[in-house]
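Examination of the molecular architecture
Here are the chains, one letter per residue:
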Amino acid sequence: MTDAHVARPGLAVVEIAAADDATTFAIQQLLAAHCAIAPADRTTREPGEPGVRLRCFLDLHQEPDAGTGRRS
């Protein structure tokens, strides 16, 4: 992540930690229903740590795109 990702109010980086991939993607979809997001397409795992993580970028100033969650 760079400072450019959150350079102004209304931008956020969200990291989701969950037990499995399905849960992280379900949460990402919930976020996409409420704001524009640059969705992640894969999760990451830390060796020796339980669960998975997913990082996505939100823009509260943009309307969500009904198809992908990406901004229009």
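Our subject is the structure that appears above.
Notes on the structure in this doc start here. Please read all numbers here as calculations on a predicted model, not as lab measurements. (Residues numbered from 1 in each chain as written. Predicted model: local features only at pLDDT ≥ 70, side-chain atom pairs only at ≥ 80, totals over all residues. Heavy atoms only, no water.)

Each helix and strand counted, the protein chain has one helix and three strands in total. Listing each helix as α and each strand as β along the protein chain from the N terminus yields β-α-β-β. Put simply, the protein chain has 72 residues, and 24% of those count as buried. Within the protein chain, residue pairs in contact and separated by at least 24 positions form 57% of the contacts whose partners lie at least 6 positions apart. Total accessible area computed for the protein chain in this model is approximately 5,000 Å², and 53% of it derives from carbon and sulfur atoms. (Helix = DSSP H or I, 4+ residues; strand = E, 2+ residues; numbered from the N terminus. Buried < 20%, exposed > 50% of the residue type's maximum accessible area, 1.4 Å probe, protein only. Contact = heavy atoms within 4.5 Å. Areas by Shrake-Rupley, 256 points an atom, 1.4 Å probe, with all protein chains shown as cover.)

Before going further, it helps to spend a moment on the sheet that holds strand E3 (residues 52-59). An order of E1-E3-E2 is seen for the three strands of this open sheet, with the pairing classed as antiparallel. The open sheet has two free edges, formed respectively by strand E1 (11-18) and strand E2 (36-38), since each of these has just one partner strand. In this sheet, adjacent strand axes meet at a mean angle of 35 degrees when their direction is disregarded. One ladder, built from three bridges, connects E2 with E3; its direction is antiparallel. Considered in E3, the bridge of alanine 36 is made with aspartate 59. Set on the sheet, helix H1 (residues 21-32) makes contact with E1, E2 and E3; between it and E3 the angle comes to about 10 degrees. (Pairing = 2+ DSSP bridges. Axes fitted to C-alpha atoms, helices over the stretch in contact; angles between N-to-C directions.)

Mapped onto the fold, proline 50 is located in the loop between E2 and E3. The spacing of proline 50 and alanine 18 is 32 residues in sequence and 8.7 Å in space, taken between C-alpha atoms.

Now for H1. The end-to-end C-alpha distance of H1, which contains twelve residues, comes to 17 Å, matching closely the 16 Å that a straight helix rising 1.5 Å per residue would cover. Within H1 the residues assigned to the buried category are Thr24, Gln28 and Ala32. When H1 is viewed along its axis, its buried side chains cluster within an angular range of 80 degrees and face the same direction. Summarising the geometry of H1, the exposed residues directed more than 90 degrees from the buried face are Ala22, Gln29 and Leu30. The elements touched by buried residues of H1 are E1, E2 and E3. Its side-chain oxygen 3.2 Å from the backbone nitrogen of alanine 22, aspartate 20 forms the N-cap of H1. (Expected span 1.5 Å × (residues − 1). Arc of directions from axis to C-beta. Polar contact = N/O pair within 3.5 Å; in protein donor to acceptor, adjacent residues only side chain to side chain.)

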